[in-house]
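# A look at the structure
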Amino acid sequence: MMKNTRSGSYAQPQEKTVKLSTVLSALVILLVYAAVFVAEQTLPSTSILFTVLKKGATYALVAVSMNLLNGFTGLFSLGQAGFMLIGAYAYGILTIPVEQRMNVYQYYDGGIVQFALPVVPALIIAGLCAAAFAFLIGLPVLRLKSDYLAIATLGFAEIVRTIFQWDKLGFLTNGSNLLREYPTFNDFNIKGADGEVTLYLSTLVPFIIAGVCIALIVLLLRSSYGRAFMAIRDDEIAAEAMGINLAKHKQIAFCVSSFFAGIGGAMLAMYQNTVQAKAFTSAMTYEILLIVVIGGIGSVTGSCISSFLFVACSEWWLRFLDQKQMIGNFEVPLLRNGFRLVVFSIIIMIVVLFFRQGIMGTKELPDLFKPRRGGKKPKRSVKEKAEQAKENAKEALQAEEQITLTAAEAAETGAAVAAEAAGEEAASLKDKAEEAKEALKEALAQEAAAAAEAETVEGGEA
Amino acid sequence: MREIVMQMDNVTMQFGGVVAVDSLSLDIYKDEIVALIGPNGAGKTTAFNVATGVYAPTNGRVLLRGKIIAQGHPTGKMKHMYAGTHIGEYNKLISHTPDKICQMGMARTFQNIRLFKNMTVLENVLVARHMRLNAGFFQSALNLNLHEERRLRRECSDLLDMLGLSDLMYENAASLPYGKQRYLEIARALATDPRILLLDEPAAGMNPQETDELSDFIRKIKEDFNLTVFLIEHHMNLVMDISDRIYVLDFGKLIAEGTPEEIQKNPAVIAAYLGVEEE
């Protein structure tokens, strides 16, 4: 009986709720895009909100690419800034208009590249460049485990940063000078004949680029390869024993992650309008790692949400901490340049200490719309059990009464035979009563457990 | 003559100065259930690890269905330290990674359960089908092999159905009770389409009743999946009940082989397990 109800409730509604929750999630994502579009047409384009949204979309893509490696494949890599740099430079170098090249590469006779590609092919090539570097680095480095891999990739990122500033490569990278004049997010705005912007797209386009890329990553994670990655994360030895080629799959994950980090780097270049290798420090990798940790290691949705929160905090909401604030004549102490970072660090420490699962844990957007199996159902069944036990207890009380009654009867008649019969009956009833009493105890314990569980569930929700 | 599924020829595995497996030779014929027993530390799991490619043998070779899957001889420092025999017989080095050997048809379970803990029961089994995927990386990554994916899911849920785990299909693997986790590990190994199944202490931690159920289960899957089974086990009831033949290891050396009746009477085996009285 018990078994039947369980298999029914797992197998059947699973299919239906999956579909409903997917539709709802798609709706939420669509609403976000619509909101971005509407906001862009109505609010002034100088609003800080758009800065946050553009940078947030960029960081969301890079964070998801890092999560693919750290959260889903279990490879602790810290090379993200290096791959972003490669992507950003590849994009910049390939898209600077030919007539601007003399101007940008003023110390290197206009540079060696004398053509310009449209944005989309340049983005893809930026990703491919990063993936190609990742392939070469991956050959030796992916043999390393955990911390050693992190150190090796971090070192790689630093080396790349230095090499791209090298004077001798200036014909390609413009040395330590800026790359500029390439198409940026603002160039996506559609302008009328008089130069006035008729349709603002400078925020929606980065959202679309990031959205497409993240969708591709999600598709990968849902495929057989995604399962293989997670198997490697959970248990390398077992994964290998089940026929998964570790070297090949780690290399694939590393290259795919770097491909999207490269596109993310190109987006960062578009966001910043200029790009310089000096800016791609290991601090940038740590920022992205923080986003991943705060969002939840192993959750794409978490990485997206937390990247917007992170960027909003660092660019917008906590900015006031960097300036002197006066309340009447009273100057608030401590507020001065740099204090923002102190507060930020404290917030991060609190997150790491008390919310180790991050915002989402390993949940994804559709999971939020599914009826919770863990929370509600067992509670109900425990309650049912408790009620049944209560009824048993009632029976027990009746039985006890009967015992006393029969005993009294026996005493009254005084007949030995009757007494014996009554005694036997009493014994069996007594057994029953004791059983029932135990059931009552159990019922009370179960009720207490149910209450406790309800409390913890509520506590968890709070 | 029946077909030999797996064969070990003079396999020696030496770690530093410790000879864990010493010149072990055994043959496993098609459709047999063979047990490898021995006291703790006898080198049983090491022998399994050599067979499945986790370790490369220091000396000797392993064949799977007539093909050499591992062959080695002492190299480097080991040349001077080697304490085994049959030196110079296996000059060509051949080694495969465990995933390759699994693809060739040898699947295994682990002594300490190694499930993919953060994945569901169904996903655990699906992972084992990954290496038989027809679709290429890009086709699979873009979810263009919907037809194949659906077929895989159906196959795996049928397999779970057969093994009585279908109620738990969408449960997290780590949340399963211990006994079910053992069964799931076997299910996962079966999903790789093996010819020979290596079970490393499948009944560890099970009570007598569960052990009885397990021996029926092993017999059943052997028939249903046309398998050859090679197992390590400490529960003697189970071993004597289901094995066609038994090999006994002690301190890395093979001390006896034969049918369960022969092994029970063998004085060397009794001595290894109970010790010999001093005279």
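Residues numbered from 1 in each chain as written. Chains lettered and ligands numbered in written order. Predicted model: local features only at pLDDT ≥ 70, side-chain atom pairs only at ≥ 80, totals over all residues. Heavy atoms only, no water.

Each helix and strand in chain B was counted, giving eleven helices and eleven strands. Looking at chain B residue by residue over its 279 residues, the buried ones come to 54%. Here the contacts in chain B between residues at least 6 apart in sequence split such that 69% fall between residues at least 24 apart. (Helix = DSSP H or I, 4+ residues; strand = E, 2+ residues; numbered from the N terminus. Buried < 20%, exposed > 50% of the residue type's maximum accessible area, 1.4 Å probe, protein only. Contact = heavy atoms within 4.5 Å.)

What follows deals with the interface of chain B and chain A. Residue-level contacts link 35 residues of chain B with 32 residues of chain A. Summed over both partners, the interface of chain B with chain A buries about 2900 Å², with 61% contributed by carbon and sulfur atoms. Three residues, His 130, Phe 137 and Tyr 170 of chain B, lead the burial of chain B against chain A; their summed loss comes to 22% of the area buried on that side. Our count for the chain B to chain A interface comes out at two salt bridges. With its nearest N and O atoms 2.7 Å apart, the salt bridge here joins Arg 227 of chain A to Glu 149 of chain B. Linking chain B with chain A are nine residue pairs in polar contact (both at pLDDT 80 or more), by the criterion used here. Those elements that provide at least two residues to the side of chain B that touches chain A are α3 (98-103), α4 (121-129), α5 (137-141), α6 (146-162) and α7 (178-190) of chain B. Its residues placed into classes, the side of chain B that touches chain A shows 17 nonpolar, eight polar and ten charged. (Buried area = accessible area lost by both parts, 1.4 Å probe. Salt bridge = Lys/Arg side-chain N within 4 Å of Asp/Glu carboxyl O. Polar contact = N/O pair within 3.5 Å; in protein donor to acceptor, adjacent residues only side chain to side chain. Nonpolar A, V, L, I, M, F, W, Y, C, P; charged D, E, K, R; others polar.)

All names here are of chain B. With respect to topology, six strands assemble into an open sheet ordered β7-β8-β9-β3-β10-β11, the strand pairing being mixed. With partners counted over all chains shown, the strands left at the sheet margins are β7 (106-108) and β11 (253-258), one partner each. The mean inter-strand angle of the sheet, taken between neighbouring strand axes irrespective of direction, is 20 degrees. Both strand β3 (residues 33-37) and strand β10 (residues 245-250) contribute to a ladder of four bridges, which runs parallel. By the bridge assignment, Leu 36 is partnered in β10 with Tyr 247. The sheet contacts of helix α11 (residues 267-274) involve β3, β10 and β11, and relative to β11 the element is tilted by about 130 degrees. (Pairing = 2+ DSSP bridges. Axes fitted to C-alpha atoms, helices over the stretch in contact; angles between N-to-C directions.)

Once that is clear, we can look at the packing of helix α2 (residues 48-72) of chain A against helix α11 (residues 246-272) of chain A. All names here are of chain A. For the pair α2 and α11, interaxial distance at closest approach is 8 Å and the crossing angle is 165 degrees. Here α2 lies roughly antiparallel to α11, going by the angle between them. You can see that α2 and α11 cross each other, and the crossing is left-handed. Here Thr 51, Lys 54, Lys 55, Ala 57, Thr 58, Tyr 59, Leu 61, Val 62, Ser 65, Met 66, Leu 68 and Leu 69 of α2 lie close against α11, whose contacting residues are Ala 253, Phe 254, Val 256, Ser 257, Phe 260, Ala 261, Ile 263, Gly 264, Met 267, Leu 268 and Tyr 271. Across the contact of α2 with α11, the residue classes break down as 16 nonpolar, five polar and two charged. (Parallel < 35°, antiparallel > 145°, perpendicular 65-115°, else oblique. Left-handed = near helix turned anticlockwise from the far one by under 90°.)

Residue and element names in this part refer to chain B. Following the criterion strictly, the structure yields 24 salt bridges over all chains and no others. With a shortest N-O distance of 3.3 Å, Asp 22 and Lys 253 are connected by a salt bridge. Here Lys 253 lies in strand β11 and Asp 22 lies in strand β2 (residues 18-29), a separation of 231 residues in the sequence. Residue Arg 108 pairs with Asp 200 through a salt bridge whose shortest N-O separation is 3.8 Å. One end of the pair, Arg 108, is in strand β7; the other, Asp 200, is in strand β8 (residues 196-200), and 92 residues separate them in sequence. The residues Arg 108 and Asp 200 share a single accessibility class, namely buried. Connected through salt bridges with shared partners, the residues Arg 2, Glu 32, Arg 245 and Glu 257 form a single ionic network.

Below, the discussion takes up the packing of aromatic side chains. By the definition in use, this model includes 15 aromatic pairs over all chains. Look at Phe 310 of chain A and Phe 344 of chain A: their rings are 5.1 Å apart centre to centre, the planes differ by 80 degrees, and that puts the pair in the edge-to-face class. Here Phe 344 of chain A lies in helix α14 (residues 339-354) and Phe 310 of chain A lies in helix α13 (residues 300-317), a separation of 34 residues in the sequence. We classify Phe 310 of chain A as buried; its relative accessible area is 6%. With centroids separated by 5.1 Å and ring planes inclined at 75 degrees, the aromatic side chains of Phe 15 of chain B and Tyr 55 of chain B adopt a geometry described as edge-to-face. Taken together, the residues Phe 15 of chain B in strand β1 (residues 4-15) and Tyr 55 of chain B in the loop between α1 (44-51) and β4 (59-64) connect sequence positions 40 residues apart. Here Phe 15 of chain B falls in the partly exposed class, since its relative accessible area comes to 34%. Linked through ring pairs, Tyr 33, Phe 207 and Phe 308 of chain A together constitute an aromatic cluster. The lysine or arginine in question, Arg 114 of chain B, covers the ring of Phe 110 of chain B, its NZ or CZ lying 5.6 Å from the ring centre. (Phe/Tyr/Trp six-rings, centres within 6.5 Å; stacked < 30°, edge-to-face > 60°. Lys NZ or Arg CZ within 6 Å of the ring centre and 35° of its normal.)

One ladder, built from five bridges, connects β10 of chain B with β11 of chain B; its direction is antiparallel. Opposite Val 248 of chain B, over in β11 of chain B, you have Ala 256 of chain B as the bridge partner.

Before going further, it helps to spend a moment on empty space enclosed by the protein. Residues and elements named next belong to chain B. Evaluation of the coordinates by the stated rule reveals one cavity of 30 Å³ or more. Counting only elements with at least two residues in the lining of the largest cavity, the list comes to α3 and β7. For the lining of the largest cavity, a count of residues per class yields six nonpolar, one polar and one charged. (1 Å grid on protein atoms, 1.4 Å probe; cavity = no way out; pocket = protein on both sides within 12 Å on 5 of 7 lines; lining within 4 Å. Points joined across faces, edges and corners; volume = space filled by probe spheres on them.)

Excluding glycine, a negative phi dihedral is what most residues carry, and trans is how most peptide bonds are arranged. Positive phi values are uncommon outside glycine, yet Glu 181 of chain A reaches one of about 75 degrees. One non-glycine residue with positive phi stands out, namely Asn 10 of chain B, at about 45 degrees. With respect to the secondary-structure elements, Asn 10 of chain B resides in strand β1.

Attention shifts here to the confidence of the model for chain A. All names here are of chain A. Per-chain confidence: chain A averages 83 in pLDDT, with 76% of residues scoring 70 or above. With pLDDT under 50 throughout, residues 1-14 is counted as low confidence; its partners more than four residues away or in other chains account for eleven contacts. Confidence drops under pLDDT 50 across residues 374-380; counting only partners more than four residues distant or on other chains, this segment forms six contacts. (pLDDT = per-residue confidence, 0-100.)

A cluster of basic residues, Arg 65, Lys 67, Lys 100 and Arg 195 of chain B, forms a positive patch on the protein surface. Residue placement: Arg 65 of chain B occurs in the loop between β4 and β5 (67-72). (Patch = residues over 30% accessible without salt bridge, like charges linked within 9 Å, V, L, I, M, F, W, Y side chains within 5 Å. Areas by Shrake-Rupley, 256 points an atom, 1.4 Å probe, with all protein chains shown as cover. Lys, Arg positive; Asp, Glu negative; His and termini not counted. Charge placed at Lys NZ, Arg CZ, Asp CG, Glu CD.)

Here the focus is helix α8 (residues 204-222) of chain A. Compared with the 27 Å implied by 1.5 Å per residue over 19 residues, the 26 Å span of α8 of chain A between its first and last C-alpha is a close match. Within α8 of chain A, the full set of buried residues consists of Leu 204, Val 205, Pro 206, Phe 207, Ile 209, Ala 210, Cys 213, Ile 214, Ile 217, Leu 220 and Leu 221 of chain A. (Expected span 1.5 Å × (residues − 1).)

A word on a nonpolar patch on the surface. Residue and element names in this part refer to chain A. A cluster of nonpolar side chains, contributed by Leu 20, Leu 24, Leu 27, Val 28, Val 32, Leu 368 and Phe 369, occupies part of the molecular surface with about 560 Å² of accessible area. Within the secondary structure layout, Leu 24 lies in helix α1 (residues 2-42). For Leu 24, a relative accessible area of 30% gives the class partly exposed.

A few words on the sheet that holds β2 of chain B. Residue and element names in this part refer to chain B. If you walk across this open sheet you meet the five strands as β2-β1-β4-β5-β6, and the pairing is antiparallel. Both edges of this open sheet fall to β2 and β6 (94-95), since each of them pairs with a single strand only. Bridge count for β1 against β2 is eight bridges, and the pairing is antiparallel. Note on β2: the bridge partner recorded for Ile 4 is Tyr 29.

Next up on the list: the layout of surface pockets. Roughly 370 Å³ of internal volume is contained in the second largest pocket. As for the second largest pocket, its lining consists of 14 residues, and the residues nearest its centre are Val 256, Phe 259 and Phe 260 of chain A together with Phe 137 and Phe 138 of chain B. Mapped onto the lining of the second largest pocket, the elements with two or more residues apiece are α5 (119-141), α8 and α11 of chain A together with α5 of chain B. Ranked by the residues each element gives to the lining of the second largest pocket, the list is headed by α11 of chain A, at five residues. Looking at the lining of the second largest pocket residue by residue, the class counts come to 14 nonpolar, no polar and no charged.

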